[in-house]
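# Structural features, examined
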Amino acid sequence: MLTVKPLNDVVGAEISGLDLRETVSPEVCQTLNDLFAEHAVLVFRDQPLTPTQFMHAAEIFGDLMDQQIKKFVLPGFPLVGVNSTRDLPRKNGKLQVRGENYHTDHSNSLRPPKATSLLAVQIPSYGGDTQFVDVRRAWADLPADLKDEIAALRSRHVHESSRSPRAFAKLSPEEMALIPNVEQPLVIRHPVSGVPALYLNTGRMEGIEGMEPDAAYALIDRLYTHATHPRYEYRHRWAVGDFVIWDNRSVMHQANADYDPEEFRYLYRVMLKGDALQPAFELEAQR
Ligand code: SIN
């Protein structure tokens, strides 16, 4: 018996009554996909999955995508990445955690991953939560005049913005050659639900088309500050066996480096293929 419990009043739902090691029926698959489009973050507890079972569970929601950073791939499983403390450099004793500011994955791809999923294999005794903010609600709450101003804008997304607040993994020239710079709408429309959402990623956004850099970055910072307010947040406290999947078109997420660097944090990670992003509004704002 599948049960659905909202994670809080904002975003996300916990699903119970399902063993993700088992194959799900087409009806359950459809129900889960409907819930995913609505809630954007789904949490399934107590799922002790092997890498193969993890891949199959994620495939309920779509097709697996290649891992961009090959050095963080699980040996023998090219589509499964690993988030491991053992791969992280340190600076002044602090772990340089990947994903430590709010972002949406691979926004500089022509077809960014529609979803990302993590499976917790080992978790520190405290800290290391993953935070999510609902960028649909953040858009909906903007004042009408600001919506009019930004509705049809586009931003260039690159591997690492010249104003990025964090350093990205360095890619080999071969990996870099595979990454195009793309223009993405500032406000996207969800392909399933049709709901508009802000599309932001301060680590990758290189200005806004048609705007002077200072004005563009001031606008990006204003929208980012708004969208990352705790009123839009669900914060996931991990336990071993948690399977979490999120919709990169409806939420941003961020990692935290607030745990003991000597403790081991280890999660499997897959991404699901997405389509080119659709602007929510064309030149004339219609809301
Ligand atoms: C990420 O995918 O950005 C990392 C999330 C995490 O490790 O908490």
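Description of the structure in this document. (Residues numbered from 1 in each chain as written. Predicted model: local features only at pLDDT ≥ 70, side-chain atom pairs only at ≥ 80, totals over all residues. Heavy atoms only, no water.)

Moving on, we come to the site of the ligand. Near the ligand the following residues occur: Asn83, Arg98, Gly99, His103, Leu118, Thr130, His253, Ala255, Arg265 and Arg269. The contact in question runs from an oxygen atom of the ligand to an N or O atom on the side chain of Asn83, over 3.2 Å. A distance of 2.9 Å separates an oxygen atom of the ligand from a polar atom in the side chain of Arg265. Look at the ligand: alone it shows 260 Å² of surface, and the protein chains cover 95% of it. In this structure, the ligand is accommodated by the largest pocket. For the shell around the ligand, a count of residues per class yields two nonpolar, five polar and three charged. (Near = heavy atom within 4 Å. Polar contact = N/O pair within 3.5 Å; in protein donor to acceptor, adjacent residues only side chain to side chain. Areas by Shrake-Rupley, 256 points an atom, 1.4 Å probe, with all protein chains shown as cover. 1 Å grid on protein atoms, 1.4 Å probe; cavity = no way out; pocket = protein on both sides within 12 Å on 5 of 7 lines; lining within 4 Å. Sits in = over half its atoms within 2 Å of the grid points. Nonpolar A, V, L, I, M, F, W, Y, C, P; charged D, E, K, R; others polar.)

Counting 31 residues, the largest nonpolar core has Ile150, Leu186 and Leu198 as the members making the most contacts within it. Breaking this core down by element, the ones donating at least two residues are helix H3 (135-140), helix H4 (144-150), strand S12 (187-189), strand S13 (196-198), strand S14 (205-208) and helix H6 (213-227). Considering each element in turn, this core owes the most residues, seven residues, to H6. Contacts of Leu186, omitting those with residues within four sequence positions, involve Ile150, Leu153, Arg154, Ala197, Leu198, Tyr199, Leu200, Met205, Ile208 and Leu223. One finds Met55, Phe61, Leu64 and Val80 within the second-largest nonpolar core, a separate group that totals 30 residues. (Core = buried A, V, L, I, M, F, W, Y, C linked by side-chain atoms within 4.5 Å. Buried < 20%, exposed > 50% of the residue type's maximum accessible area, 1.4 Å probe, protein only. Helix = DSSP H or I, 4+ residues; strand = E, 2+ residues; numbered from the N terminus. Contact = heavy atoms within 4.5 Å.)

Take the sheet that holds strand S9 (residues 130-134) next. As summarised here, the arrangement of the three strands in space is S15-S9-S17, forming an open sheet in which the pairing is antiparallel. With one partner strand each, in any of the chains shown, strand S15 (233-236) and strand S17 (251-255) form the two edges of the open sheet. Strand-to-strand twist of the sheet, defined as the mean angle between neighbouring strand axes without regard to direction, takes the value 20°. (Pairing = 2+ DSSP bridges. Axes fitted to C-alpha atoms, helices over the stretch in contact; angles between N-to-C directions.)

The full count for this structure, using the stated rule, is nine aromatic pairs. Their ring planes at 55° and their centres at 5.3 Å tell us that Phe36 and Phe61 sit as a pair that is tilted. With a gap of 25 residues between them, Phe36 in helix H1 (residues 26-39) and Phe61 in the loop between helix H2 (51-58) and strand S4 (73-74) connect regions that are remote in the sequence. Since its relative accessible area comes to 3%, Phe36 is described here as buried. Phe61 sits in the buried class, given a relative accessible area of 2%. (Phe/Tyr/Trp six-rings, centres within 6.5 Å; stacked < 30°, edge-to-face > 60°.)

Take Thr116: it is sitting in strand S8 (residues 115-122). Sequence-distant contacts of Thr116, that is, excluding residues within four places in its chain, are made with Asp105, Val244, Ile245, Trp246, Asn248, Arg269, Val270 and Met271.

Glancing now at the sheet that holds strand S2 (residues 13-16). Here eight strands make up an open sheet; going across it, the order is S1-S2-S3-S16-S8-S18-S5-S4 and the pairing mixed. Whereas interior strands pair on both sides, the edge strands pair on one side only; in this sheet they are strand S1 (3-6) and S4. Here S1 runs beside S2; their pairing, made up of four bridges, is antiparallel. The residue bridging Pro6 from the neighbouring strand is Ala13, located in S2. Strands in contact with H1 are S1, S2, strand S3 (41-44), S8 and strand S16 (243-247); relative to S3, the strand with the most contacts, it is inclined by about 125°.

By volume, the largest pocket is sized at about 890 Å³. The wall of the largest pocket is formed by 41 residues, among which Val97, Arg98, Gly99, Arg166 and Ala169 lie closest to the centre. Sorting the residues of the lining of the largest pocket by element identifies strand S5 (77-84) and S17 as the ones contributing at least two each. Broken down by element, the lining of the largest pocket gets its largest block of residues, four residues, from S5. Of the residues that constitute the lining of the largest pocket, the class distribution is 14 nonpolar, 16 polar and 11 charged. Counted by class, the lining of the second largest pocket contains five nonpolar, five polar and four charged residues. (Points joined across faces, edges and corners; volume = space filled by probe spheres on them.)

Before going further, it helps to spend a moment on the environment of Val158. Position of Val158 among the secondary structure elements: in the loop between strand S10 (154-157) and helix H5 (173-177). On the accessibility criterion, Val158 (8% relative accessible area) is buried. C-alpha separation for the pair Val158 and Ile179, spaced 21 residues apart in sequence, amounts to 8.3 Å. When residues no more than four places from it in sequence are discounted, the contact partners of Val158 are Asn108, Asn181, Arg204 and Glu206.

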